[in-house]
Amino acid sequence: MEKKLVARLNEIGQEIGFPYQILKSGQYQPFDAEVDNSEVSMVVYSPIPMSSRLMEMKKISEDERMVWNELFPNRKDADADAVLSDEEQMKLIIFGRRRTVVNYFKKKVLSKRIARAMVARNDDKLLIEFATANKLLPCFLASAVIKYTSDARFERIINLAVKSGLLGFARTVENKLVKDGREAKFVAYVKAFEIDPATQYVLVHDRKIDLLKTYVGAGRKLCADIENAINFIDSFRDMKVVYNKAKKDFLAKQ
């Protein structure tokens, strides 16, 4: 069944070119960045090797993963300087030992495709290993975590991030979390981390009322500058009402 599916996906790519999108309606078309993501079921970026696994995989234990020599018997240079093809990189991410994957990719800029494959590996500890020096997840990787994980898995990753001393996501990724309006994931995130003042402004400016209530309900406050904005800018008067009521409701529960 899987081989037939991979063969069909590759046939479509040969027909209309890569990358392409498969819509929820069942139609497929060349990639269009303007299409609403909620209407897209899958993006196929390049031909899929017949030996590869698709995104939904069973979890492979660390003991079952392969060392470099088993993955690439014809390659001697098992280090970050080795030049791997796209197919070999996917093979390393899915099947390689965690430490080997980290050593190879740690000092590289992760593309969207690589970040998505990292999430598909179904190894939450691996994701945390890619924290930057300032204890944040790389932007593409954090974005992939938001986009390609279930709400339950996202919460597990956030909890693991806290235990590992991470400080959350970069501001641009927090903005994405707010703009996408993924409430369950936003709840998990703000229980663990404060959001950047610029993200707080997006929360108010875009009138994310439910998310603002959730933020306050998690015991968080808007910073002084944003509070001043909702207090003195007439266009934010409705958000001031929501914010003040949410604070009263939170205090009443204490």
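Going by the structure above, here's the rest.
Trainee: Would you take a moment to explain the packing of helix α3 (residues 86-95) against helix α4 (residues 98-105) for this structure?
Mentor: How two helices pack is summed up by the angle between their axes together with the distance between the axes. With their axes 8 Å apart at the nearest point, α3 and α4 run at an angle of 140° to one another. Judged on the interaxial angle alone, α4 and α3 are oblique. For the pair α3 and α4, the contacting residues are Q89, L92 and I93 in the first and T100, V101, Y104 and F105 in the second. Of the residues belonging to the contact of α3 with α4, the class tally is five nonpolar, two polar and no charged.

Trainee: What is the right way to look at the sheet that holds strand β1 (residues 20-23) in this model?
Mentor: The strands making up a sheet are joined through hydrogen bonds of the backbone, oriented either antiparallel or parallel. Strand order in the open sheet formed by three strands is β2-β1-β3, and the pairing between neighbours is antiparallel. Looking along the sheet, the strands with just one partner apiece sit at the ends: β2 (28-30) and β3 (40-44). Here the strands of the sheet are splayed against their neighbours by 25° on average, with no regard to which way each runs. With four bridges connecting them, β1 and β3 associate as antiparallel partners.

Trainee: Got a minute to help me understand helix α5 (residues 112-120) in this structure?
Mentor: Three- or four-residue spacings in an α-helix give side chains the same orientation, since the helix completes a turn every 3.6 residues. In terms of burial, α5 is largely enclosed, as seven of its nine residues are buried. Buried residues of α5: I114, A115, R116, A117, M118, V119 and A120, and no others. Just beyond α5, the residue with positive phi is N122, at close to 65°.

Trainee: Sorry if this is basic, but what is going on with helix α11 (residues 197-205) here?
Mentor: Among the residues making up α11, those that are buried are T199, Q200, V202, L203 and V204. Packing partners of the buried residues in α11 comprise α9 (171-180), α10 (183-192), α12 (209-217), α13 (224-232) and α14 (237-253). In this structure D196 caps α11, since a side-chain oxygen of it lies 2.8 Å from the backbone nitrogen of A198. Following α11 by one or two positions, R207 has its phi on the positive side, about 55°.

What counts, and where the lines are drawn
- Residues numbered from 1 in each chain as written.
- Predicted model: local features only at pLDDT ≥ 70, side-chain atom pairs only at ≥ 80, totals over all residues.
- Heavy atoms only, no water.
- Axes fitted to C-alpha atoms, helices over the stretch in contact; angles between N-to-C directions.
- Helix = DSSP H or I, 4+ residues; strand = E, 2+ residues; numbered from the N terminus.
- Parallel < 35°, antiparallel > 145°, perpendicular 65-115°, else oblique.
- Contact = heavy atoms within 4.5 Å.
- Nonpolar A, V, L, I, M, F, W, Y, C, P; charged D, E, K, R; others polar.
- Pairing = 2+ DSSP bridges.
- Buried < 20%, exposed > 50% of the residue type's maximum accessible area, 1.4 Å probe, protein only.
- Polar contact = N/O pair within 3.5 Å; in protein donor to acceptor, adjacent residues only side chain to side chain.

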